[in-house]
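Structural overview
Here is how the chains run, residue by residue.
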Amino acid sequence: ASELRATGERMLAETREAIERLAKELDPNTDWVTQLEQAKRDHPPVAQLLQSYQQEIANIRRFLNENDLVSIPAGEKLLVVETPTFQRSVIPYAAYMPPGPFDRDQTGQFWVTPVSRETSPRDQETQLQEHCRPHIPITALHEGYPGHHLQLCVANGHTSAVRKRAGSDLFAEGWALYCERLGDEMGMYRTPYERFGMLGYQIWRATRLVVDTGVHTQGWTRQQAIDYLLKYTTLPAHEVETEVDRYIAWPGQALSYYLGEDRKSTRLNSSHITISYAVFCL
(Lines give C-alpha, C1' and ligand atoms only; values in the text may rest on other atoms or scores of the structure.)
Protein backbone atom coordinates (compact mmCIF):
# COMPACT_ATOMS: atom_id res chain seq x y z
CA ALA A 1 0.00 0.00 0.00
CA SER A 2 2.84 2.40 0.78
CA GLU A 3 4.32 1.81 -2.69
CA LEU A 4 0.96 2.45 -4.32
CA ARG A 5 0.61 5.71 -2.40
CA ALA A 6 4.14 6.79 -3.37
CA THR A 7 3.35 6.03 -7.01
CA GLY A 8 0.29 8.28 -6.83
CA GLU A 9 2.22 11.10 -5.20
CA ARG A 10 4.96 10.84 -7.83
CA MET A 11 2.47 10.87 -10.69
CA LEU A 12 0.63 13.82 -9.14
CA ALA A 13 3.83 15.87 -8.87
CA GLU A 14 4.95 15.02 -12.42
CA THR A 15 1.57 15.80 -13.96
CA ARG A 16 1.17 19.06 -12.07
CA GLU A 17 4.58 20.10 -13.40
CA ALA A 18 3.51 19.23 -16.97
CA ILE A 19 0.21 21.11 -16.78
CA GLU A 20 1.87 24.14 -15.17
CA ARG A 21 4.43 24.18 -17.99
CA LEU A 22 1.66 24.07 -20.60
CA ALA A 23 -0.21 26.86 -18.80
CA LYS A 24 2.83 29.12 -18.94
CA GLU A 25 3.17 28.52 -22.67
CA LEU A 26 -0.46 29.53 -23.23
CA ASP A 27 -0.63 32.46 -20.80
CA PRO A 28 2.28 33.20 -18.45
CA ASN A 29 0.08 35.50 -16.35
CA THR A 30 -2.61 32.94 -15.48
CA ASP A 31 -2.23 29.71 -13.48
CA TRP A 32 -3.37 26.35 -14.83
CA VAL A 33 -6.40 26.04 -12.55
CA THR A 34 -7.79 29.36 -13.77
CA GLN A 35 -7.10 28.46 -17.40
CA LEU A 36 -8.79 25.09 -17.05
CA GLU A 37 -11.81 26.62 -15.34
CA GLN A 38 -12.06 29.14 -18.17
CA ALA A 39 -11.84 26.35 -20.75
CA LYS A 40 -14.72 24.53 -19.04
CA ARG A 41 -17.05 27.40 -19.93
CA ASP A 42 -16.83 26.33 -23.56
CA HIS A 43 -19.45 23.58 -23.66
CA PRO A 44 -22.36 22.52 -25.86
CA PRO A 45 -25.84 23.74 -24.99
CA VAL A 46 -28.07 21.28 -23.15
CA ALA A 47 -30.04 20.37 -26.28
CA GLN A 48 -26.87 19.46 -28.22
CA LEU A 49 -25.00 17.51 -25.56
CA LEU A 50 -25.75 14.02 -26.85
CA GLN A 51 -25.18 15.09 -30.45
CA SER A 52 -21.74 16.49 -29.53
CA TYR A 53 -20.60 13.10 -28.23
CA GLN A 54 -22.09 11.30 -31.22
CA GLN A 55 -20.18 13.59 -33.57
CA GLU A 56 -16.92 13.13 -31.64
CA ILE A 57 -17.22 9.34 -31.77
CA ALA A 58 -17.76 9.56 -35.54
CA ASN A 59 -14.72 11.86 -35.90
CA ILE A 60 -12.44 9.54 -33.92
CA ARG A 61 -13.59 6.41 -35.77
CA ARG A 62 -12.93 8.14 -39.08
CA PHE A 63 -9.49 9.31 -37.89
CA LEU A 64 -8.51 5.78 -36.85
CA ASN A 65 -9.60 4.36 -40.21
CA GLU A 66 -8.00 7.06 -42.35
CA ASN A 67 -4.68 6.75 -40.53
CA ASP A 68 -4.79 2.94 -40.30
CA LEU A 69 -4.07 3.09 -36.57
CA VAL A 70 -6.04 0.07 -35.42
CA SER A 71 -8.20 -2.70 -36.87
CA ILE A 72 -11.88 -2.44 -35.98
CA PRO A 73 -13.68 -5.81 -35.96
CA ALA A 74 -16.50 -6.33 -38.43
CA GLY A 75 -20.01 -6.22 -37.02
CA GLU A 76 -19.32 -4.03 -33.97
CA LYS A 77 -21.50 -0.99 -33.31
CA LEU A 78 -21.46 1.78 -30.73
CA LEU A 79 -24.60 3.66 -29.74
CA VAL A 80 -24.27 6.98 -27.93
CA VAL A 81 -27.37 7.25 -25.75
CA GLU A 82 -28.57 8.93 -22.58
CA THR A 83 -27.66 7.22 -19.31
CA PRO A 84 -30.68 5.28 -17.99
CA THR A 85 -32.52 7.21 -15.29
CA PHE A 86 -31.81 4.69 -12.53
CA GLN A 87 -28.04 5.01 -13.08
CA ARG A 88 -27.74 8.80 -13.21
CA SER A 89 -27.16 9.28 -9.49
CA VAL A 90 -23.94 7.22 -9.65
CA ILE A 91 -22.85 8.14 -13.21
CA PRO A 92 -22.73 11.94 -13.27
CA TYR A 93 -21.21 12.23 -16.75
CA ALA A 94 -20.48 9.16 -18.90
CA ALA A 95 -19.92 5.40 -18.86
CA TYR A 96 -19.74 2.40 -21.17
CA MET A 97 -21.83 -0.76 -21.27
CA PRO A 98 -20.32 -3.52 -23.43
CA PRO A 99 -22.11 -6.21 -25.42
CA GLY A 100 -22.19 -9.58 -23.71
CA PRO A 101 -19.13 -11.78 -24.33
CA PHE A 102 -21.26 -14.49 -25.93
CA ASP A 103 -23.68 -12.19 -27.79
CA ARG A 104 -23.69 -12.35 -31.57
CA ASP A 105 -24.79 -8.72 -31.69
CA GLN A 106 -21.70 -6.73 -30.71
CA THR A 107 -23.41 -3.41 -29.99
CA GLY A 108 -22.04 -1.38 -27.10
CA GLN A 109 -23.65 1.60 -25.42
CA PHE A 110 -21.82 4.84 -24.59
CA TRP A 111 -23.89 6.46 -21.86
CA VAL A 112 -23.99 10.24 -21.57
CA THR A 113 -25.79 11.61 -18.51
CA PRO A 114 -28.04 14.53 -19.45
CA VAL A 115 -28.18 17.67 -17.37
CA SER A 116 -30.88 17.42 -14.72
CA ARG A 117 -33.66 19.95 -15.27
CA GLU A 118 -34.67 19.52 -11.61
CA THR A 119 -31.56 21.25 -10.24
CA SER A 120 -30.79 24.95 -10.02
CA PRO A 121 -29.42 26.82 -13.07
CA ARG A 122 -26.08 27.09 -11.26
CA ASP A 123 -25.89 23.32 -10.72
CA GLN A 124 -26.88 22.70 -14.33
CA GLU A 125 -24.06 24.94 -15.51
CA THR A 126 -21.61 23.11 -13.22
CA GLN A 127 -22.63 19.77 -14.73
CA LEU A 128 -22.37 21.15 -18.27
CA GLN A 129 -18.86 22.43 -17.60
CA GLU A 130 -17.68 18.86 -17.02
CA HIS A 131 -19.03 18.15 -20.53
CA CYS A 132 -16.89 20.99 -21.91
CA ARG A 133 -15.45 20.73 -25.41
CA PRO A 134 -11.88 20.09 -24.14
CA HIS A 135 -13.18 17.04 -22.21
CA ILE A 136 -15.45 15.48 -24.85
CA PRO A 137 -12.65 14.02 -27.09
CA ILE A 138 -10.89 12.54 -24.06
CA THR A 139 -14.05 10.87 -22.81
CA ALA A 140 -14.85 9.57 -26.29
CA LEU A 141 -11.37 8.07 -26.66
CA HIS A 142 -11.66 6.44 -23.22
CA GLU A 143 -15.17 5.02 -23.49
CA GLY A 144 -15.43 4.40 -27.23
CA TYR A 145 -12.64 4.11 -29.79
CA PRO A 146 -9.97 2.92 -29.29
CA GLY A 147 -10.88 2.57 -25.61
CA HIS A 148 -13.38 0.35 -23.82
CA HIS A 149 -15.70 -0.39 -26.73
CA LEU A 150 -13.02 -1.44 -29.17
CA GLN A 151 -11.01 -3.38 -26.60
CA LEU A 152 -13.99 -5.31 -25.24
CA CYS A 153 -15.38 -6.12 -28.68
CA VAL A 154 -11.98 -7.55 -29.62
CA ALA A 155 -11.91 -9.52 -26.34
CA ASN A 156 -15.38 -10.89 -27.05
CA GLY A 157 -14.06 -12.34 -30.28
CA HIS A 158 -11.60 -14.59 -28.50
CA THR A 159 -12.14 -18.30 -29.15
CA SER A 160 -11.65 -19.31 -25.50
CA ALA A 161 -14.82 -19.27 -23.37
CA VAL A 162 -12.65 -18.75 -20.29
CA ARG A 163 -10.80 -15.80 -21.79
CA LYS A 164 -14.12 -14.25 -22.85
CA ARG A 165 -15.15 -14.09 -19.20
CA ALA A 166 -11.77 -13.38 -17.59
CA GLY A 167 -11.99 -9.59 -17.49
CA SER A 168 -9.48 -7.37 -15.68
CA ASP A 169 -10.00 -3.78 -14.53
CA LEU A 170 -6.24 -3.25 -14.79
CA PHE A 171 -6.21 -4.12 -18.46
CA ALA A 172 -9.52 -2.42 -19.31
CA GLU A 173 -9.03 0.84 -17.42
CA GLY A 174 -5.31 0.85 -18.08
CA TRP A 175 -5.90 0.56 -21.82
CA ALA A 176 -8.59 3.27 -21.81
CA LEU A 177 -6.34 5.66 -19.87
CA TYR A 178 -3.50 4.92 -22.28
CA CYS A 179 -5.86 5.83 -25.13
CA GLU A 180 -6.26 9.31 -23.66
CA ARG A 181 -2.49 9.84 -23.97
CA LEU A 182 -2.48 8.12 -27.36
CA GLY A 183 -4.87 10.80 -28.57
CA ASP A 184 -2.20 13.39 -27.85
CA GLU A 185 0.60 11.34 -29.45
CA MET A 186 -1.42 10.69 -32.61
CA GLY A 187 -2.50 14.31 -33.05
CA MET A 188 -6.18 13.74 -32.32
CA TYR A 189 -6.44 16.73 -29.98
CA ARG A 190 -7.23 19.83 -31.97
CA THR A 191 -6.51 22.52 -29.37
CA PRO A 192 -4.03 22.98 -26.50
CA TYR A 193 -6.97 22.97 -24.12
CA GLU A 194 -7.79 19.39 -25.04
CA ARG A 195 -4.26 18.54 -23.83
CA PHE A 196 -5.13 20.56 -20.75
CA GLY A 197 -8.14 18.35 -20.18
CA MET A 198 -6.05 15.20 -20.62
CA LEU A 199 -3.52 16.35 -17.99
CA GLY A 200 -6.31 17.42 -15.64
CA TYR A 201 -7.75 13.92 -15.88
CA GLN A 202 -4.32 12.43 -15.16
CA ILE A 203 -4.11 14.50 -11.98
CA TRP A 204 -7.47 13.04 -10.95
CA ARG A 205 -6.22 9.47 -11.59
CA ALA A 206 -3.08 10.13 -9.53
CA THR A 207 -5.09 11.33 -6.53
CA ARG A 208 -7.07 8.10 -6.65
CA LEU A 209 -4.00 6.11 -5.60
CA VAL A 210 -3.42 8.40 -2.62
CA VAL A 211 -7.06 8.58 -1.54
CA ASP A 212 -7.82 4.86 -1.94
CA THR A 213 -4.82 3.81 0.12
CA GLY A 214 -5.54 6.58 2.61
CA VAL A 215 -9.10 5.39 3.21
CA HIS A 216 -8.37 1.66 3.32
CA THR A 217 -4.94 1.46 4.95
CA GLN A 218 -4.22 4.79 6.67
CA GLY A 219 -7.46 5.36 8.57
CA TRP A 220 -8.57 8.38 6.55
CA THR A 221 -12.08 9.65 7.18
CA ARG A 222 -14.52 10.31 4.36
CA GLN A 223 -14.00 14.05 4.87
CA GLN A 224 -10.21 13.73 4.61
CA ALA A 225 -10.62 11.99 1.26
CA ILE A 226 -13.04 14.69 0.05
CA ASP A 227 -10.69 17.48 1.15
CA TYR A 228 -7.74 15.89 -0.67
CA LEU A 229 -9.62 15.65 -3.98
CA LEU A 230 -10.93 19.20 -3.64
CA LYS A 231 -7.40 20.44 -3.00
CA TYR A 232 -5.64 18.75 -5.92
CA THR A 233 -8.31 18.36 -8.63
CA THR A 234 -10.78 20.67 -10.34
CA LEU A 235 -13.71 18.30 -9.85
CA PRO A 236 -16.93 19.91 -8.57
CA ALA A 237 -17.85 19.19 -4.95
CA HIS A 238 -20.84 16.93 -5.71
CA GLU A 239 -18.74 14.70 -7.97
CA VAL A 240 -15.97 14.52 -5.38
CA GLU A 241 -18.44 13.10 -2.86
CA THR A 242 -19.68 10.53 -5.39
CA GLU A 243 -16.07 9.56 -6.17
CA VAL A 244 -15.12 9.10 -2.52
CA ASP A 245 -18.19 6.98 -1.78
CA ARG A 246 -17.24 4.79 -4.73
CA TYR A 247 -13.70 4.32 -3.41
CA ILE A 248 -15.06 3.43 0.03
CA ALA A 249 -17.42 0.81 -1.39
CA TRP A 250 -15.02 -0.67 -3.97
CA PRO A 251 -11.48 -1.06 -2.55
CA GLY A 252 -8.76 -1.17 -5.17
CA GLN A 253 -10.79 -0.46 -8.31
CA ALA A 254 -9.63 3.16 -8.48
CA LEU A 255 -6.01 1.97 -8.56
CA SER A 256 -6.49 0.16 -11.86
CA TYR A 257 -6.46 3.21 -14.15
CA TYR A 258 -2.93 4.44 -13.63
CA LEU A 259 -1.39 1.08 -12.66
CA GLY A 260 -2.80 -0.52 -15.80
CA GLU A 261 -1.55 2.30 -18.00
CA ASP A 262 1.87 2.72 -16.41
CA ARG A 263 4.44 0.39 -17.97
CA LYS A 264 6.54 0.67 -14.80
CA SER A 265 3.75 -1.03 -12.85
CA THR A 266 4.43 -4.40 -14.51
CA ARG A 267 7.04 -5.04 -11.83
CA LEU A 268 4.21 -4.89 -9.28
CA ASN A 269 2.68 -8.06 -10.75
CA SER A 270 -0.27 -6.00 -11.93
CA SER A 271 -2.45 -8.97 -12.92
CA HIS A 272 -3.07 -9.69 -9.24
CA ILE A 273 -2.50 -6.37 -7.49
CA THR A 274 -6.12 -5.19 -7.29
CA ILE A 275 -7.37 -8.46 -5.80
CA SER A 276 -4.44 -8.67 -3.39
CA TYR A 277 -4.94 -5.10 -2.24
CA ALA A 278 -8.69 -5.57 -1.78
CA VAL A 279 -8.10 -8.69 0.32
CA PHE A 280 -5.54 -6.76 2.37
CA CYS A 281 -8.09 -3.98 2.98
CA LEU A 282 -10.66 -6.50 4.17
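Our subject is the structure that appears above.
Notes on the structure in this doc start here. (Residues numbered from 1 in each chain as written. Predicted model: local features only at pLDDT ≥ 70, side-chain atom pairs only at ≥ 80, totals over all residues. Heavy atoms only, no water.)

For the rest of this paragraph, the subject is the environment of Thr34. In this structure, Thr34 sits in helix 2 (residues 32-39). With 11 residues separating them in the primary sequence, Thr34 and Ala23 have C-alpha atoms 9.4 Å apart. (Helix = DSSP H or I, 4+ residues; strand = E, 2+ residues; numbered from the N terminus.)

Looking at where Arg205 falls in the secondary structure, it is placed in helix 9 (residues 192-217). Take Arg205: its relative accessible area is 4%, and that puts it in the buried class. If near-sequence neighbours (up to four positions away) are discounted, Arg205 is found in contact with Met11, His142, Leu177, Glu180 and Tyr257. (Buried < 20%, exposed > 50% of the residue type's maximum accessible area, 1.4 Å probe, protein only. Contact = heavy atoms within 4.5 Å.)

What follows concerns the pairing of strand 3 (residues 107-112). Where strand 1 (residues 77-82) and strand 3 come together, six bridges link them in parallel fashion. Within strand 3, the residue paired with Glu82 across the bridge is Val112. Relative to strand 3, strand 2 (residues 94-97) is paired through four bridges, and the arrangement is antiparallel. Its bridge partner being in strand 3, Ala95 is matched across the sheet by Trp111. (Pairing = 2+ DSSP bridges.)

With that settled, consider the packing of helix 3 (residues 49-66) against helix 5 (residues 136-143). It is at 9 Å that the axes of helix 3 and helix 5 come closest, and there the two elements cross at 65 degrees. Once helix 3 is placed against helix 5, the crossing between them reads as right-handed. On helix 5, the residues that touch Ser52, Tyr53, Glu56, Ile57 and Ile60 of helix 3 are Ile136, Pro137, Thr139, Ala140 and Leu141. Among the residues forming the contact of helix 3 with helix 5, the class breakdown is seven nonpolar, two polar and one charged. (Axes fitted to C-alpha atoms, helices over the stretch in contact; angles between N-to-C directions. Left-handed = near helix turned anticlockwise from the far one by under 90°. Nonpolar A, V, L, I, M, F, W, Y, C, P; charged D, E, K, R; others polar.)

Interhelical geometry of helix 8 (residues 169-185) versus helix 9 gives an angle of 155 degrees and a closest axis separation of 10 Å. Between helix 8 and helix 9, the interaxial angle falls into the category roughly antiparallel. In the crossing of helix 8 with helix 9, the sense of the turn from one axis to the other is left-handed. For the pair helix 8 and helix 9, the contacting residues are Leu177, Glu180, Arg181 and Asp184 in the first and Arg195, Met198, Tyr201, Gln202 and Arg205 in the second. When grouped by side-chain class, the residues that make up the contact of helix 8 with helix 9 number three nonpolar, one polar and five charged. (Parallel < 35°, antiparallel > 145°, perpendicular 65-115°, else oblique.)

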